[in-house]
Amino acid sequence: MSATPGPTVTPRAGILRSPVTWLGVVVAVYFAASLALSLLRLSELHTSTWDLGIFQQALWSGPLRGPFYEAADFETAGVTSFFQVHPAFLLYALAPLYAAFPYAVTLLTLQSFVVAVAAVPLFFIGAQVTGSRWKGFASAGLYLVWTPTLAANLFDFHLEAFLPVEVFACFLFWLRKQYLVGAAFAVLASITIEAGPVYVFLVGLFFALPPIREGVRQARIAIASAGSQSRSRAFFRYLGQSSAKWLRRSDVQASLGLMVAAVLAYYGLRYAEAHAFGTAPSVFTAFSGTAQSLFQLRLTLSNLSVGFYNKVAYWGIILGLAAFLPFRAPRTFLLIAPWMGFSFLNVHAGNWELGFQSGFLYAIPVMIGVAYGLVGLELRPPPRAMEAAASSPPESPSPPAPSRSRTGWLGLDSSKPAPWMYGLFVIAGVSLALSPINPYMFGTGSGYLLTIPDSPGYPNAQFVADMVPAGATVLATPDLFSFVADDVSAYTLTGIVGGLPYLPFNASHLPAYVLITEKDRSMLPSWLSTDLYQPSRYGLLAWTGLSPRGVAMLFMFGYAGPAEAVAPIVPSYESFSGSQLVLDPSGTLSTGVASGCVYTIASTPKSPGGIWNTAGQSLGTGNYSVEAVVSAWTPPGSSAPSAKTVVMTLTSEAWAQAQETVGSYTYGELSSGCYVAYFNLSVPVPLLNWVVHGFSKEPGVVVGLSYLAVAPRS
């Protein structure tokens, strides 16, 4: 009795050799790494009002208090709703999540998650168009290591981060002809931000183009086969027939419907932006037709010359980091070209520099171009045995050798992948090297504001900020605004050109609290800085010396009690040359020799008054010595005063501290050579924005300064 052989069973590849498994690994790794780096930026106070703080405040104020009010755009443009800046109806879906977890970490976690999972639909796009899941994995993996992806991810929080997963999903389901599901993602993209409907339109155009091209090709054939006397008649007859046939196709109907819906959605968003949430302020143009529907973009041909070579270099870099694969699929430039035009006709550098949210916008078309560009590329080179057999004459058949299946690199049938796959690994490495994950890479965008390892002190700054009572008016610098953003009474200082015309504070109406860092104190308006020098107006409530942005300070209007110290300020030696000092109206920056002393700053003859002052610095508690090397002389045509005439004084002052004269110096002292104006300073409480002023007192005498030094004294 002979046994009948059963069916051959092909063993399944192990789970570790599945591209789906590796997709899950890289998505998880990207999510964890991008979130860790985002939290590192947060801990270093590199996040700011623009754009983490505005979303915190908008989501906290929610649909009932604003709707979605945020102070930054109110102060700069007078808008009372975030929707007057961006018609982002996705905020209605995010508001409940933020209400449940009102923390900056919530938004950063959400952003890293949606950016990471966008690789999943991209994987299936690549797998479907190439017929290979490994090529789909290559598309998804390149997206996750692509420099603009991570650099944009690390720039605070932006709604543009949601577009890749939404548009990739819409594209995938349109590719699969599952139009209802694809339409759902198109709706999500459209309500995310105004760039969403533009992408939805481009997706519809991308899928409507092949039937159009086929119709044109058939029309040309029909015209070519017609007689010379009837070509025009054949063209119009065939055009009518093919158009009717073309419009009956379900895929064409779906794509055209998607394009029409996208146009209506875009105009609907713009109309709501200008009318539905309050009167649009003068800086925004009201909606009135096609010409003004792009009013916020300010796209003009004159902008082409602004940073032109930087724009060319930028697109060369981001396409190069995509291995220039989109060039193998020219149709994908239907998606890429509009965004290239957008960047070239835009004046804002954030649209052509790494480290800004524009990286999310460009990732969508470029990575779809990568997926289509992989079509036709072999995963492994042809076996050499097959090449030899093809070039050798046939021989007598011999019994086949036993088959020894070998599964090698990434589960393929050969241990040697095709050369282009090595190239992708090299490009992936270059992308990581150019990204913020590289501590030696200093990009221009905000996403590169990152220091590894991080600076200590974030909890200290949080402790100081938490001393602001709920509902109290507070004015905060951008790096600390995130701590107080969950309150409609919180306002922010910004570096926006043009100032803050709608800021509801001035010299006669001061905020109850002022929360600033040492590095951003220059943002204070002059009227507020003046009031901080008056102890009768503001007192120092709390401070911390251990902050990534220097000393963090909280001032309270009318406070006269002791300051609460959270962490000490470490005393340090400071030396100032002339160019490092701030000139007052009576001072000039010049170098010369007088009375045997080299000077770098001199007072203006016959114009007594302030000569110079030190840039504000912070002094921790302790004892200090201050030395100013000065000299004095009489210019030609002036007579020398008596030796006892006071020709210079030094004063010392700091925020929330009274001004004090620390030294008066006579002509006899200063005219004899390099005189060291020396005084000791005892600091029982920290001095914040401490300055030393030099004043000329005698119009016929010129006072020169060589340098100033401040040193801790044991």
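Residues numbered from 1 in each chain as written. Predicted model: local features only at pLDDT ≥ 70, side-chain atom pairs only at ≥ 80, totals over all residues. Heavy atoms only, no water.

### Thoughts on the state of the cysteines
Working step 1: Under the definition given, this model contains 1 disulfide.
Working step 2: Here Cys 597 pairs with Cys 674 through a disulfide, and the sulfurs are 2.2 Å apart. Taking the sign of the S-S torsion, about 115 degrees here, the bridge from Cys 597 to Cys 674 comes out right-handed. Of this pair, Cys 597 sits in strand β10 (residues 597–603) while Cys 674 sits in the loop between α22 (667–670) and β16 (675–683), and the two are 77 residues apart along the sequence. (Disulfide = S-S within 2.5 Å. Helix = DSSP H or I, 4+ residues; strand = E, 2+ residues; numbered from the N terminus.)

### Side note on the nonpolar core
Working step 1: Ranked by size, the top nonpolar core spans 114 residues in total, and within it Leu 91, Tyr 143 and Leu 159 carry the most contacts.
Working step 2: Examining the composition of this core, we find that 11 residues originate from one element, helix α16 (residues 358–373), more than from any other.
Working step 3: When residues no more than four places from it in sequence are discounted, the contact partners of Tyr 143 are Val 115, Ala 118, Ala 119, Leu 122, Thr 149, Pro 164, Phe 168, Ala 363 and Met 367.
Working step 4: In this structure, Tyr 624, Ala 632, Tyr 665 and Val 710 belong to the second largest nonpolar core, which totals 30 residues. (Core = buried A, V, L, I, M, F, W, Y, C linked by side-chain atoms within 4.5 Å. Buried < 20%, exposed > 50% of the residue type's maximum accessible area, 1.4 Å probe, protein only. Contact = heavy atoms within 4.5 Å.)

### A few points about the layout of surface pockets
Leftover empty space is mapped by rolling, across the atoms, a probe with the size of a water molecule.
Working step 1: Of the volumes computed, that of the second largest pocket is approximately 550 Å³.
Working step 2: In terms of lining, the second largest pocket is formed by 24 residues, of which the most central are Val 26, Gly 141, Leu 142, Val 145 and Ala 428.
Working step 3: Going through the elements one at a time, α1 (19–43), α7 (133–145), α8 (147–153) and α18 (419–434) are the ones with two or more residues in the lining of the second largest pocket. (1 Å grid on protein atoms, 1.4 Å probe; cavity = no way out; pocket = protein on both sides within 12 Å on 5 of 7 lines; lining within 4 Å. Points joined across faces, edges and corners; volume = space filled by probe spheres on them.)

### As for the packing of helix α14 (residues 308–320) against α16
Working step 1: It is the contact of α14 with α16, at a shortest axis distance of 11 Å, that shows an interaxial angle of 55 degrees. With respect to their mutual orientation, α14 and α16 come out oblique. Once α14 is placed against α16, the crossing between them reads as right-handed. Residues Tyr 314, Trp 315, Ile 318 and Leu 319 of α14 touch α16, and the partners they reach there are Ser 358, Gly 359, Tyr 362 and Val 366.
Working step 2: Grouping the constituent residues of the contact of α14 with α16 by class yields 6 nonpolar, 2 polar and no charged. (Axes fitted to C-alpha atoms, helices over the stretch in contact; angles between N-to-C directions. Parallel < 35°, antiparallel > 145°, perpendicular 65-115°, else oblique. Left-handed = near helix turned anticlockwise from the far one by under 90°. Nonpolar A, V, L, I, M, F, W, Y, C, P; charged D, E, K, R; others polar.)

### Quick word on the pattern of salt bridges
Working step 1: What the rule picks out here adds up to 6 salt bridges.
Working step 2: In this structure, Arg 270 and Glu 273 form a salt bridge, with 2.8 Å as the shortest nitrogen-oxygen distance. In this pair, Arg 270 and Glu 273 both sit in helix α13 (residues 250–275), 3 residues apart, roughly one turn of the helix.
Working step 3: When its relative accessible area of 1% is taken as the criterion, Arg 270 is described as buried.
Working step 4: Asp 479 serves as the salt-bridge partner of Arg 549, at 2.8 Å between the closest nitrogen and oxygen. Of this pair, Arg 549 sits in the loop between β4 (538–544) and β5 (552–557) while Asp 479 sits in helix α20 (residues 478–484); the two residues are 70 residues apart in sequence, bridging distant segments of the chain.
Working step 5: Judged by relative accessible area, Arg 549 falls into the buried class, the value being 18%.
Working step 6: Take Asp 479: its relative accessible area is 4%, and that puts it in the buried class.
Working step 7: A single salt-bridge network, built from bridges that share partners, covers Asp 479, Asp 520 and Arg 549. (Salt bridge = Lys/Arg side-chain N within 4 Å of Asp/Glu carboxyl O.)

### Considerations on α14
Working step 1: Over its 13 residues, α14 extends 18 Å from the first C-alpha to the last, a length consistent with the 18 Å expected when each residue adds 1.5 Å.
Working step 2: Listing the buried residues of α14 in full gives Lys 311, Tyr 314, Trp 315, Ile 318, Leu 319 and Gly 320. (Expected span 1.5 Å × (residues − 1).)

### Remarks on helix α15 (residues 333–344)
Each full turn of the α-helix corresponds to 3.6 residues, which orients residues three or four apart in the same direction.
Working step 1: Between its first and last C-alpha, α15 extends 15 Å over 12 residues, near the 16 Å set by a 1.5 Å rise per residue.
Working step 2: Within α15 the residues assigned to the buried category are Phe 333, Leu 335, Ile 336, Trp 339, Phe 342, Ser 343 and Phe 344.

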